[in-house]
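These are the residues of each chain, in order.
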Amino acid sequence: GLGLTNTKDGNFGEWYSEVVTNGEMIEYYEISGCYILRPWTMAIWEIMQNFFDPEIKKMNIKTCYFPLFVSNNVLQKEKDHIEGFAPEVAWVTRSGDSDLEVPIAIRPTSETVMYPYYSKWIRGHRDLPLKLNQWCNVVRWEFSNPTPFIRSREFLWQEGHTAFATKEEADTEVLEILELYRRLYEEYLAVPVVKGKKSELEKFAGGLYTTSVEAFIPNTGRGVQGATSHCLGQNFAKMFEINFEDEKGEKTMVWQNSWAYSTRTIGVMVMVHGDDKGLVLPPKVSAVQVIVIHVPYKDADVKEIINACSATVKTLCDLGIRAEADLRENYSPGWKYSHWEMKGVPLRIEIGPKDLANNQVRAVRRDNGEKVDIPMADLVDKVKGMLDNIQQSMFDVAKQKRDACIQVTRTWDEFVEALGQKKLILAPWCDEEEVEKEVKAKTKGEIGAAKTLCSPFDQPELPEGTLCFASGKPAKKWTYWGRSY
Ligand SMILES: O=C1CCCN[C@@H]1CCCn1cnc2cc(F)c(Cl)cc2c1=O
Ligand SMILES: [Mg+2]
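Notes on the structure follow. It should be emphasised that the depicted structure is a prediction, and the values quoted were computed from it without experimental measurement. Here the residue numbers are simple positions, counted from 1 along each chain's written sequence. For naming, the first written chain is A and the first written ligand is 1, with later ones following in the order written. Totals for whole chains, interfaces and linings use every residue, but because this is a predicted model, local features are given only for residues with pLDDT of at least 70 and side-chain atom pairs only at 80 or more, for both listing and counting. Excluded from the side-chain calculation are hydrogens and water; included are all heavy atoms of the structure.

### As for the packing of helix α2 (residues 39-58) against helix α8 (residues 264-273)
Part 1 of the reasoning: Close contact between α2 and α8 brings their axes to 10 Å; oriented N to C, the two are set at 110°. On the basis of their axis angle, the class for α2 and α8 is roughly perpendicular. Both α2 and α8 take part in a crossing whose hand is right-handed. In this structure, α2 uses Thr41, Ile44, Trp45 and Met48 to contact α8, whose residues at the interface are Thr265, Ile266 and Met269.
Part 2 of the reasoning: Here the contact of α2 with α8 is built from residues that sort into five nonpolar, two polar and no charged. Orientation is described by axes fitted as lines to C-alpha atoms, over the contacting stretch for helices, and by angles from 0 to 180 degrees between their N-to-C directions. Think of it this way: any DSSP run of H or I at least four residues long counts as a helix, any run of E at least two long counts as a strand, and we number them from the N terminus. Roughly parallel means an angle under 35 degrees; roughly antiparallel, over 145; roughly perpendicular, 65 to 115; everything else is oblique. Definitions for this section: a left-handed crossing has its near helix turned counterclockwise from the far helix by less than a right angle. A right-handed crossing has that turn clockwise. Only heavy atoms matter for contacts: two residues are in contact if any of them lie within 4.5 Å across the pair. Each residue gets one label: Ala, Val, Leu, Ile, Met, Phe, Trp, Tyr, Cys and Pro are nonpolar, Asp, Glu, Lys and Arg are charged, and the others, such as Gly, are polar.

This is the structure we're talking about:
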């Protein structure tokens, strides 16, 4: 049948898998951890790209494309860069039936691919800033439970790699990019995120500091890193000898950033907004914003109704609304309602004999099921208004749900209790790595350990004498903690 066999609150993992499949976003692939991204997904990816790419072009960041393959010696260039990552590197060892002399790695990320050429291209200060971004796939042979969009062995992303003469320029760009990531989540995917800084333990080991936008999935009580913007400092400049002669003729190492968002963004959106009827897509990112369906009625003139549907679609499309009609004769209206609800189309318009007679249409919102009769004359304004309202309402509802999960804890017992209640924990922390490691160790279990998600840039008041929830030492900062994907 058409409906889901799992409910979101019943079995979240099974619900999610069904929703992305029945919503025709994903097809499971014969190789574990790999998924087919169907047009319904790629339309969302492209809408996001059509926002993000022009924005970084305004920042004079140019598109490049580096090879998929990494030679072994260059990959091994940086011990702590790949420490811990080595097991997830995929290797090409043969072509045809003959072994390769030297195995070749498939890029899990492109620092080691790109930076030898940054070293070659950057000589003088006039070669700076060098700012490149590539849209590509990467491969990480993950072993923990694969999840469509959230954790796959191959995924699509953009990876920006920039080099500056000064730290100030790098610091500024890190935050400009992070703001674009916030806008992607909050203005397009209608998902609330927290901007913050990763702890020393959780940051990218090869960098100087990591900032991120952190999302939260209320159903599982898990945080999810939404996108990252790292300042690499001069670490990679040192490794790859990327330096330049400054104005005084001094040889100086460059300051670098790297930043990425991936198809994981789409999985977060599905998890946050989906319901027991399937996907619920924010209008801004939905390939189809309005689906028009005719309701035939025994002897009523079905041709006239169908013409009204086609005219409605044309009127909406002419004003930039992504509308389509489902006029298939071999499916009932009811079947169509379920089908397009499963695909998460934000607004359905029904036109039957009665609507025609009253020169109106019946509009039904996907997010809250509200039904509204709209006079044909007001169609475009009303539909535009409803779509804007749906977008804002989806964000507001998601933010209210996320905020309801936030629990401030000041003691270990409060922390453990909140963790058991699937909360997003905000706690004062002494900022000591040993303490962070201890929290991980003490909360380790079947469903993973608690970890720091980020220290929000927007710090609440930290009164003198506030103590760390875990160590009892003087707290230095408020930090979000939780289990994560
Ligand atoms: O997150 C970003 C933004 C875009 C460019 N890259 C950085 C850091 C990526 C970390 N990282 C993440 N995963 C990795 C997996 C690997 F197998 C190896 Cl060899 C390295 C890494 C690795 O460095
Ligand atoms: Mg990883």
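### Points about the pattern of salt bridges
Part 1 of the reasoning: Salt bridge, as used here, is a side-chain nitrogen of Lys or Arg placed within 4 Å of a carboxyl oxygen of Asp or Glu. Applying the stated criterion to the full structure yields 31 salt bridges.
Part 2 of the reasoning: Between Arg366 and Asp275 there is a salt bridge; the shortest N-O distance is 2.6 Å. In this pair, Arg366 sits in the loop between β18 (360-365) and β19 (371-375) while Asp275 sits in the loop between α8 and β15 (290-294), placing the two residues 91 residues apart along the sequence.
Part 3 of the reasoning: Ionic pairing is found between Arg362 and Asp373, a salt bridge with its closest N-O pair at 2.7 Å. Of the two residues, Arg362 sits in strand β18 while Asp373 sits in strand β19, which places them 11 residues apart along the sequence.

### Some details on the sheet that holds β18
Part 1 of the reasoning: Whether two strands pair depends on DSSP finding at least two bridges between them. One open sheet accounts for five strands, arranged β16-β15-β17-β18-β19; its pairing is mixed. Among the strands making up the open sheet, the edge pair consists of β16 (323-326) and β19. Averaged over all adjacent pairs, the angle separating strand axes in this sheet is 25°, with direction ignored.
Part 2 of the reasoning: Here four bridges tie strand β17 (residues 347-351) to β18, and the two strands are oriented antiparallel to one another. Note that in β18 the partner of Glu350 across the bridge is Arg362.
Part 3 of the reasoning: Those strands touched by helix α9 (residues 302-318) are β15, β16 and β17, and its axis lies near 170° from that of β15.

### With respect to helix α14 (residues 433-443)
Part 1 of the reasoning: When α14 is considered as a whole, its buried residues turn out to be Val435, Glu436, Val439 and Thr443. Down the axis of α14, the buried set is contained in an arc of 105°. They therefore lie on one face.
Part 2 of the reasoning: Looking at the buried residues of α14, the elements they touch are α13 (412-420), β21 (424-429), β22 (451-456) and β23 (477-484). Exposure categories follow from relative accessible area, calculated using a 1.4 Å probe and restricted to protein chains: below 20% of the type maximum is buried, above 50% is exposed, and the middle band is partly exposed. This arc is taken over the directions from the axis of the helix to the C-beta atoms.

### Here's the deal with the pairing of β19
Part 1 of the reasoning: Pairing analysis gives five bridges linking β18 to β19, with the strands arranged antiparallel. Residue pairing across strands places Ala363 opposite Val372, the latter belonging to β19.
Part 2 of the reasoning: Between β18 and the antiparallel strand that follows it, β19, lie five residues; Gly369 among them carries a positive phi value of about 75°.

### Overview of the layout of surface pockets
Part 1 of the reasoning: The definitions used throughout rest on a 1 Å grid laid over the protein atoms alone, on which a cavity is an enclosed set of points accommodating a 1.4 Å probe that cannot get out and a pocket is an open set flanked by protein within 12 Å on both sides along at least five of seven lines; lining residues are those having an atom within 4 Å of a point. Grid points are joined across faces, edges and corners, and a volume is the space filled by probe spheres set on the points. Each pocket or cavity is described by its volume, and for the second largest pocket that value is around 340 Å³.
Part 2 of the reasoning: If you go around the second largest pocket, you meet 21 residues; those closest to its centre are Val272, His273, Val397, Ala398 and Lys401.
Part 3 of the reasoning: Of all the elements, helix α12 (residues 379-405) adds the most residues to the lining of the second largest pocket, at six residues.
Part 4 of the reasoning: When the residues that make up the lining of the second largest pocket are grouped by side-chain class, the tally is 11 nonpolar, five polar and five charged.

### Notes on empty space enclosed by the protein
Part 1 of the reasoning: For the structure shown, the criterion picks out one cavity of 30 Å³ or more.
Part 2 of the reasoning: Estimates place the volume of the largest cavity at around 50 Å³.
Part 3 of the reasoning: Along its surface, the largest cavity is lined by Val194, Glu214, Ala215, Phe216, Arg402, Leu424, Leu453 and Tyr480.
Part 4 of the reasoning: Counting residues per element, the lining of the largest cavity draws most heavily on strand β10 (residues 209-217), which supplies three residues.
Part 5 of the reasoning: Classifying every residue of the lining of the largest cavity gives six nonpolar, no polar and two charged.

### A short note on the side chain of Arg348
Part 1 of the reasoning: The residue Arg348 is located in strand β17 in this model.
Part 2 of the reasoning: The definition of a polar contact used here is a pair of N or O atoms within 3.5 Å, where within protein one atom must be able to donate a hydrogen and the other to accept one, and adjacent residues in sequence count solely through side-chain atom pairs. In this structure the side chain of Arg348 is engaged in a polar contact, spanning 2.9 Å, whose partner is the side chain of Glu341.
Part 3 of the reasoning: What Arg348 contacts, discounting residues up to four positions off in sequence, is Ile291, Ile293, Tyr337, Glu341, Arg362, Ala363, Val364 and Lys371.

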